[in-house]
Every structure is written in C-alpha cells, then in structure tokens.
Amino acid sequence: MKKLTAIGFIICIILILFLSGQSGSQAFGMTYRLALPIANIIYDTPDYDQILLVMNGIRLFGRVIAFTAFGVFFTALIHVWGKKLPPRVKNSLSFLGIVIFGIFDEMHKLRIDGRHCTIAEIIVNIICGFIGMALALYVVDKYRRT
C-alpha cells in the first residue's frame, strides 16, 4: 500500500506540473485538438465560441480529475506513511498540503509565457483537493473498520 500511494502521488504531481507548465500556445493547441472532435459531435457546425466553450469544459474537467486524484493520493500517503501520528495531525497535514499545492500550481503559471493565474482556479484546485481528501478519508475509515 505504501508503494501504491507514493507512486500515485508522484504521478499526480508530474501530471499536474507538466500540464500547467506548458506555454499558452502549447496548452491552447493541445486543448483545441481535443475539443474540435467533441464540438463537432455536440454542434452541427461549431463556431469558434462553441469550440472555446468545449475547450474550457475540457480544461475544467482535467483540473477536477487531477486535483481530486492529488487529494486522494496525498491524503492516503500521509495516512499510510504517518501511522503513528494522531488523526488530527494527519488531517491537518493533508489540509495544508492541498492548500499549499493548489496555490503553488497556479502561482508558478505566472512565470510561463501566455499563462495566467486566477483566484477562481486556485479555489477550484483546493476544493477538488478537499473532495479527494474526503474520498481518501472515507476509504481509510472503511479499511480501518475491516
């Protein structure tokens, strides 16, 4: 279990930093290539605004999945590796780690050409991390009872 949580955590960090470390044109190009076929399915002949709407949906979906997975693996990592710590300390560490990484991920975008940081993105990162934390705590509680 220790290896699985560590590997999942490392994969989440690499994926998040890789995707948020792309320049604005790289991120736009990758999302556009994903959005175009989806927009063609949703709309008969999608215009540029409809394609942008699908692109934003893809970005939001990716952020939700990535930060929820981060919250799950980070919380599980702390609970598995810090067995001797009291539950309140483990939960506090998970909480702080999610908040710090959610802010860090957005702040490091300020140094990348064509990227920006918004409070809304920071909030989405943190909320999704908390959802992942709640899922992990639910699983840890179920696992502990069996």
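Structure shown above.
A brief structural summary.

Rules used throughout
Residues numbered from 1 in each chain as written. Predicted model: local features only at pLDDT ≥ 70, side-chain atom pairs only at ≥ 80, totals over all residues. Heavy atoms only, no water. Patch = residues over 30% accessible without salt bridge, like charges linked within 9 Å, V, L, I, M, F, W, Y side chains within 5 Å. Areas by Shrake-Rupley, 256 points an atom, 1.4 Å probe, with all protein chains shown as cover. Salt bridge = Lys/Arg side-chain N within 4 Å of Asp/Glu carboxyl O. Helix = DSSP H or I, 4+ residues; strand = E, 2+ residues; numbered from the N terminus. Buried < 20%, exposed > 50% of the residue type's maximum accessible area, 1.4 Å probe, protein only. Phe/Tyr/Trp six-rings, centres within 6.5 Å; stacked < 30°, edge-to-face > 60°. Axes fitted to C-alpha atoms, helices over the stretch in contact; angles between N-to-C directions. Parallel < 35°, antiparallel > 145°, perpendicular 65-115°, else oblique. Left-handed = near helix turned anticlockwise from the far one by under 90°. Contact = heavy atoms within 4.5 Å. Nonpolar A, V, L, I, M, F, W, Y, C, P; charged D, E, K, R; others polar. Core = buried A, V, L, I, M, F, W, Y, C linked by side-chain atoms within 4.5 Å. Expected span 1.5 Å × (residues − 1). Arc of directions from axis to C-beta.

Bringing a nonpolar patch on the surface into the picture now. Taken together, the side chains of Ile119, Ile123, Ile127, Ile131 and Leu135 define a hydrophobic patch exposed on the protein surface, amounting to about 470 Å² of accessible area. Tracing the backbone shows Ile123 in helix 5 (residues 119–145). When its relative accessible area of 44% is taken as the criterion, Ile123 is described as partly exposed.

Under the defined criterion, the tally for this structure stands at three salt bridges. Among the salt bridges present, the one from Glu106 reaches Lys109, with a minimum N-O distance of 3.3 Å. What you see here is one network of salt bridges that share partners, running through Arg63, Glu106, Lys109 and Glu121.

The next thing to look at is the packing of aromatic side chains. This model, assessed by the stated rule, comprises nine aromatic pairs. Consider the rings of Phe9 and Phe70, whose centres lie 5.8 Å apart with planes at 35 degrees: the pair is tilted. With a gap of 61 residues between them, Phe9 in helix 1 (residues 2–20) and Phe70 in helix 3 (residues 48–81) connect regions that are remote in the sequence. Across this residue pair, the class does not change: Phe9 and Phe70 are buried. On the numbers, 6.3 Å between centres and 65 degrees between planes, the contact of Phe67 with Phe70 is edge-to-face. Here the residue Phe67 and the residue Phe70 both occupy positions in helix 3, the gap between them amounting to three residues, near one helical turn. For the pair formed by Phe67 and Phe70, the shared burial category is buried. Put simply, the rings of Phe9, Phe67, Phe70, Phe74, Phe101 and Phe104 pair up and form one aromatic cluster.

Right, let's get into the packing of helix 1 against helix 4 (residues 87–107). How two helices sit against one another is set out by the angle between their axes and by the gap between those axes. Put simply, helix 1 and helix 4 touch, their axes get as near as 10 Å, and they point 25 degrees apart. Of the possible angle classes, the one that applies to helix 1 and helix 4 is roughly parallel. Relative to helix 4, the crossing made by helix 1 is right-handed. Only Phe101, Phe104 and Asp105 of helix 4 make contact with helix 1, whose side of the interface consists of Ile13, Ile16, Leu17 and Ser20. Class assignment of the residues belonging to the contact of helix 1 with helix 4 gives a composition of five nonpolar, one polar and one charged.

With that out of the way, let us pick up the side chain of Ser23. The residue Ser23 is located in the loop between helix 1 and helix 2 (24–42) in this model. When neighbours within four sequence positions are excluded, Ser23 is seen to be in contact with Ile112, Asp113 and Arg115.

Turning next to the nonpolar core. In terms of nonpolar packing, the biggest core is built from 15 residues, with Phe9, Ile16, Phe67, Phe70, Phe74 and Phe101 touching the most fellow members. Secondary structure elements with two or more residues in this core: helix 1, helix 3, helix 4 and helix 5. Element by element, the count of residues in this core is highest for helix 3, at six residues. Ala35, Ala39, Ile51 and Met55 belong to the second largest nonpolar core, which has five residues in total.

A word on helix 1. Here helix 1 contains 19 residues, and its C-alpha end-to-end distance of 27 Å stays within 8% of the 27 Å for a straight helix at 1.5 Å per residue. Listing the buried residues of helix 1 in full gives Thr5, Ala6, Gly8, Phe9, Cys12, Ile13, Ile16 and Ser20. The arc that holds every buried residue of helix 1, seen down its axis, measures 165 degrees, which confines them to one face. With respect to the buried face of helix 1, the exposed residues turned more than 90 degrees away are Lys3, Leu4, Ile11, Ile14 and Phe18. Residues of helix 1 that are buried in the fold lie against helix 3 and helix 4.

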